[in-house]
Amino acid sequence: MSIAVEPSAGPTTVTQARRERLAGVLQGYGAAIVLVLLAVVGSVAFPTFPTLSNFTNIVTQSSFPLIVAIGMTFVILTGGIDLSVGSVFALGGVLAAYGSSWGGIVGGLLLPLVVCGTVGVVQGFLVAYAKMAPFIVTLAGLLAVRGLVLAVTSGGSNTPLITDPALQALGQSHVAGVNSSVVIAIVGVIVGTVLLTRSRGGQSVLAVGGSESASTYMGLPVARVKFSVYVISGLCAGLAGTLNAAYSSSGVPTVGVGLELSAISAVVIGGTLLVGGRGSLIGTLAGVLLLSVIQNLINQVGSLSSSVQSVVSGVFLAIVVIFQTVLSRTQRL
Amino acid sequence: MTTTTSSADQLPVLEARAVTKRFAGVTALDSVDFAVRPGESMALMGENGAGKSTLIKVLTGVYQPDDGDLLLSGASTRFAWPLDAQKAGVSTIYQEVNLIPLMSVAQNIFLGREPRNRIGLIDFRRMYTDARTLLDTYGIEVDVRRPLRSLALGIQQMVALARAVSINARVVIMDEPTSSLEAREVETLFSVVRLLRDQGIAIVYVSHRMDEIYRVCESVTVLRDGRVVQVGSLAEIPRVELVSLMLGRSVDRVQRSGATAFGATHSSDAPPVLVAADLSRKHQIDGIDIQIRPGEVVGLGGLLGSGRSETLKAMAGVMQLDRGSVTIDGKAVRSGSVPAAIRAGIVMLPEDRKVEGIVPNLSVRDNIVLAALPRLSRGGFTSRRNQDAVVDVFMKRLHIKASSPDQVVSELSGGNQQKVMIARWLAMNPKVLLLDEPTRGIDVGAKAEVQALIDELAGEGLAIVLVSSEVEEVVEGSARVIVLRDGSMGTELDGAEVTEQHLLAALAGAAEPMNSAPERPGEGR
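Residues numbered from 1 in each chain as written. Chains lettered and ligands numbered in written order. Predicted model: local features only at pLDDT ≥ 70, side-chain atom pairs only at ≥ 80, totals over all residues. Heavy atoms only, no water.

A. Structural detail: the overall build of chain A. Helix and strand content of chain A: 12 helices and 2 strands. Counted from the first residue to the last, chain A has its helices and strands arranged as α-α-α-α-α-β-β-α-α-α-α-α-α-α. Relative to the compact-globule value of 20 Å for 333 residues, chain A shows a C-alpha radius of gyration of 21 Å, a close match. Referenced to the eigenvectors of the C-alpha coordinate spread, the extents of chain A come out at roughly 80 × 55 × 35 Å. The buried share of chain A, taken over its 333 residues, is 47%. A total of about 14000 Å² of accessible surface is found on chain A, and carbon and sulfur atoms cover 73% of it. Each charge class in chain A can be summarised by its mean position, and for the 12 positive and 6 negative side chains these summaries are 10 Å apart. (Helix = DSSP H or I, 4+ residues; strand = E, 2+ residues; numbered from the N terminus. Rg over C-alpha atoms; globule rule 2.2 N^0.38 Å. Buried < 20%, exposed > 50% of the residue type's maximum accessible area, 1.4 Å probe, protein only. Areas by Shrake-Rupley, 256 points an atom, 1.4 Å probe, with all protein chains shown as cover. Lys, Arg positive; Asp, Glu negative; His and termini not counted. Charge placed at Lys NZ, Arg CZ, Asp CG, Glu CD.)

What follows is the structure, encoded as structure tokens:
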């Protein structure tokens, strides 16, 4: 004779349900809202901020980390993490330069994508099939790939240049007034969003992040899904590195240090849960732009030293994470 | 009701032949035969640790049998993954709802096989329509776009069932599907189960609840210690015999032993060892007074959310108090400090064994000595010999069934895990033992053992506070019962007053008016 009464899992009151829904909206679109507010405030405060050339500059500079963050969003949505993207980004740039020197634009695209994709394949295999912790696997990837970059550039002293005109054009030409990388990044966001929300594979990504054990029991191909996101992330980081090298006409071996952290920050600021299961690429887009705008506004102030810039970014990130946590609790996630 | 009497002549849709499964030397299934026919509802029964879960996992492709065969409609088959079993039409409803809380009802039903339009994208409109049609079939009304987590557990369970059935299921395995459902939801579930059975779907039903088994099943397979001890029609097996088969005890002994294993209830005239006065914490408990004498078992009654667990946590130092004091033998215990409470001799067995109790990856030995380590070590180091002495004593005394002290505790059955937990706290030589639902989720036999142990410990002079949702456990186990009401003191029952009727009356008196909406514990007071 049990007298226990199970509490309902549902919202207790209408107000609570409304509060939860509001928190969900804030979590998803908070970054976009703050981005707009910040842009308005910045436009009022700094006359040099709301100019076409400044905005072009912001979106161009954001396009490379955005492509990296697209891949990162997929990884984080499964509850994983990819710390190797900064190193893979550098590798992509260096290999694009080498590849284009003998193979033109085909070699300049194929070589970095194949190698960076292979990095993703190895990491994905170790995480998904050998069931190793993503943090450790990709930390090892960060170190090993950075070492590889140094190895192929004589310890980083050699900066291979991109002279192939077609590859240069890919990185430097303009479409509708913006750099081609911006177009590629936007296309990436759109394609990724369609994949995530409208394809079976994308739904599986969200399901695996939402509950890995439930996904297993529901017969979803959990390992294949986890494997795929690391390959996607490797490809995205390699492509971003290639485009960045094409943009600057050189494969600089020291780029991308700490890029993994800003990519993760952007994804989390964009409302993707670090535990996985919920998030969007639109949010990631807003997150990347937000970080760039903050950086830009700090530059507008001019009097802040570069070390203080990091402090401001760090404090801002901390505030966002606290905010996200509060929102998650409000929604009882 | 049984429209499918002919099912016995049919070929089993799913069959296990001489299936054996071993884990690290322990044989979980020993040459088990199991078969279920179309339209048959087969109860799978046994104590915890009898091998039910293992058998289910073998049938659904989670585990591979070490030996023996699986047959699907007479043809030998092999499920390498759960997906293989699902594709073959074997679906499972688990005890805990195994769906994705953040996704919508419709997404959960169609995950992995969403309807797609011509260009391969998911057709959400059709998915919502199909989901609604499917749920309508079973009389479940719910907005299929709502995220699953916003629904009551009962509805979530129905969604899981709908998903399972819609995958062209030929066999549906239900593992304690009602353990988190309310009575009304159980009725809905049963009507769905009958509907499925009439459609010719085979049901394998696992439950500890006898009432349910006799209501929805026609035949039964009883497992004990990894072996099949009985297969047959439920109509020919009386309840008492079923219990005796599960326990491996003779029928007349089961009949004599009453509802619980408690002997005489323990009261005492000694001065109280623990005096808790005016325990209060905002929104949770308010002015709780409790005194316990050595050798006394005091029951703490109350409905869910009445503050039972919170009162225990306050006494054990787990919860910070706003007001009030706890004294042991007249000496005050610092509030809100677990180490202080343990030093004073107050220990607590938490309600949720898995989350707040055992460390699943540690061995039996490590789990037992965990709390006692400071006492067993000198200068921060501890000798294995000291540990072994303690572990040995408690493993024998509490009859902990493990292959060795080195066995990982998560491999033990629920009852044995609970005993490991009790051993951990007894190793601290406590004066007061606080038990929060000590027999929840463990099988009948282990339950009786734990109850007998509580009896024995009280007999040795330990002061015990018992929280249980089971009325007969509180009544038969306690000398006194303090009934809490909405976080504050309600009725106290003493001696002859401690009867089921009195307790129910006290609880009923403590309940909120029937028409008020149920509140979540700790909220909105």
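B. Looking closely at unusual backbone geometry. Backbone geometry places A:Ser249, a non-glycine residue, at a positive phi of 60°. You can see A:Ser249 is positioned in the loop between α9 (222–248) and α10 (259–269). A positive phi angle is found at B:Asn429, which is not glycine, with a value near 50°. One can find B:Asn429 in the loop between α16 (414–426) and β19 (432–436). Residue B:Asn429 is classed as exposed on the basis of its relative accessible area of 57%.

C. Highlighting the packing of helix α5 (residues 165–172) of chain A against helix α6 (residues 180–198) of chain A. All names here are of chain A. The geometry of α5 relative to α6 is characterised by a closest axis approach of 5 Å and an angle of 70° between their N-to-C directions. It follows that α5 is roughly perpendicular to α6 by the angle criterion. Contact with α5, carried on its side by Ala 169, Leu 170, Gly 171 and Gln 172, involves Ser 180, Ser 181 and Ile 184 of α6 and no other residues of that element. Per-class residue counts for the contact of α5 with α6 are 3 nonpolar, 4 polar and no charged. (Axes fitted to C-alpha atoms, helices over the stretch in contact; angles between N-to-C directions. Parallel < 35°, antiparallel > 145°, perpendicular 65-115°, else oblique. Contact = heavy atoms within 4.5 Å. Nonpolar A, V, L, I, M, F, W, Y, C, P; charged D, E, K, R; others polar.)

D. Local environment of the side chain of B:Thr60. Residue and element names in this part refer to chain B. Turning to its location among the elements, Thr 60 is positioned in the loop between α1 (52–59) and β4 (67–72). Among the polar contacts listed, one links the side chain of Thr 60 to the backbone oxygen of Ile 56, at a separation of 2.8 Å. With sequence-adjacent residues up to four places away left out, Thr 60 is seen in contact with Phe 79, Trp 81, Pro 82, Ala 85, Val 90, Thr 92, Tyr 94 and Ile 173. (Polar contact = N/O pair within 3.5 Å; in protein donor to acceptor, adjacent residues only side chain to side chain.)

E. Focus on the confidence of the model for chain A. Residue and element names in this part refer to chain A. When pLDDT is averaged along chain A, the result is 89; 95% of the residues meet or exceed 70. Per-element averaging of pLDDT across chain A places helix α12 (residues 306–330) at the bottom with 78 and α9 at the top with 97. Note that residues 1–11 has pLDDT below 50 and, in this model, 37 contacts with residues that lie over four places away or in other chains. (pLDDT = per-residue confidence, 0-100.)

F. Representation of the packing of aromatic side chains within the structure. Throughout the structure, instances matching the rule amount to 7 aromatic pairs over all chains. Their ring planes at 70° and their centres at 6.4 Å tell us that B:Phe190 and B:Tyr205 sit as a pair that is edge-to-face. Taken as a pair, B:Phe190 in helix α6 (residues 183–198) and B:Tyr205 in strand β8 (residues 202–206) lie far apart in primary sequence, 15 residues in all. Looking at B:Phe190, the relative accessible area reads 1%, which means it is buried. One aromatic cluster is present, formed by A:Phe125, A:Tyr129 and A:Phe227 through successive ring pairs. (Phe/Tyr/Trp six-rings, centres within 6.5 Å; stacked < 30°, edge-to-face > 60°.)

G. Summary view of the packing of helix α3 (residues 85–128) of chain A against α5(A). Residue and element names in this part refer to chain A. Contact geometry for α3 and α5: axes closest at 8 Å, N-to-C directions at 85°. Between α3 and α5, the angle is such that the two are roughly perpendicular. Here Ala 96, Ser 100, Ile 105, Gly 108 and Leu 109 of α3 come into contact with α5, specifically with Ala 166, Leu 167 and Leu 170. Its residues assigned to classes, the contact of α3 with α5 shows 6 nonpolar, 2 polar and no charged.

H. Summary view of the nonpolar core. With 110 residues, the main nonpolar core has B:Leu161, B:Val172 and B:Met174 as its most contacted residues. When residues of this core are assigned to their parent elements, the largest contribution, 11 residues, is made by helix α2 (residues 52–77) of chain A. When neighbours within four sequence positions are excluded, B:Val172 is seen to be in contact with B:Ser91, B:Ile93, B:Leu161, B:Val165, B:Ile201, B:Ala202, B:Ile203 and B:Val204. Formed by 39 residues, the second largest nonpolar core is a distinct cluster that contains B:Leu349, B:Val409, B:Ala423 and B:Leu453. (Core = buried A, V, L, I, M, F, W, Y, C linked by side-chain atoms within 4.5 Å.)

I. Quick peek at the domain arrangement of chain B. Residue and element names in this part refer to chain B. In terms of domain boundaries, chain B breaks down into domain 1 (26–100 + 169–256), domain 2 (260–345 + 430–511) and domain 3 (359–429). Using only C-alpha atoms to locate each centre, domain 2 and domain 3 end up separated by 25 Å. Counting from both sides, the interface comprises 15 residues of domain 2 and, opposite them, 12 residues of domain 3. When domain 2 packs against domain 3, the two sides together hide about 1200 Å² of surface, and 68% of this comes from carbon and sulfur. When the buried area of domain 2 at its contact with domain 3 is split by residue, Pro 430, Glu 449 and Leu 453 rank highest and sum to 39% of it. Viewed at the interface, domain 3 and domain 2 are joined by 3 salt bridges. The partner of Glu 460 in a salt bridge is Arg 397, and the shortest N-O contact between them spans 3.1 Å. (Domains from an automatic or database assignment. Buried area = accessible area lost by both parts, 1.4 Å probe. Salt bridge = Lys/Arg side-chain N within 4 Å of Asp/Glu carboxyl O.)

J. Representation of the environment of B:Gly324. Residue and element names in this part refer to chain B. With respect to the secondary-structure elements, Gly 324 resides in strand β14 (residues 323–328). Taking the C-alpha atoms as reference, Gly 324 lies 62 Å from Arg 37; in sequence the two are 287 residues apart. Non-local contacts of Gly 324, meaning those with residues more than four positions away in its chain, are made with Ala 277, Asp 278 and Leu 279.

K. Structural context of helix α17 (residues 444–459) of chain B. All names here are of chain B. Here α17 spans 23 Å end to end across 16 residues, near enough to the 22 Å set by a 1.5 Å rise per residue. Every buried residue belonging to α17 is among Gly 445, Ala 446, Lys 447, Ala 448, Val 450, Gln 451, Leu 453, Ile 454, Asp 455, Leu 457 and Ala 458, and all of these are buried. Note on α17: the residue one or two positions beyond its end, Gly 461, has a positive phi of about 105°. (Expected span 1.5 Å × (residues − 1).)

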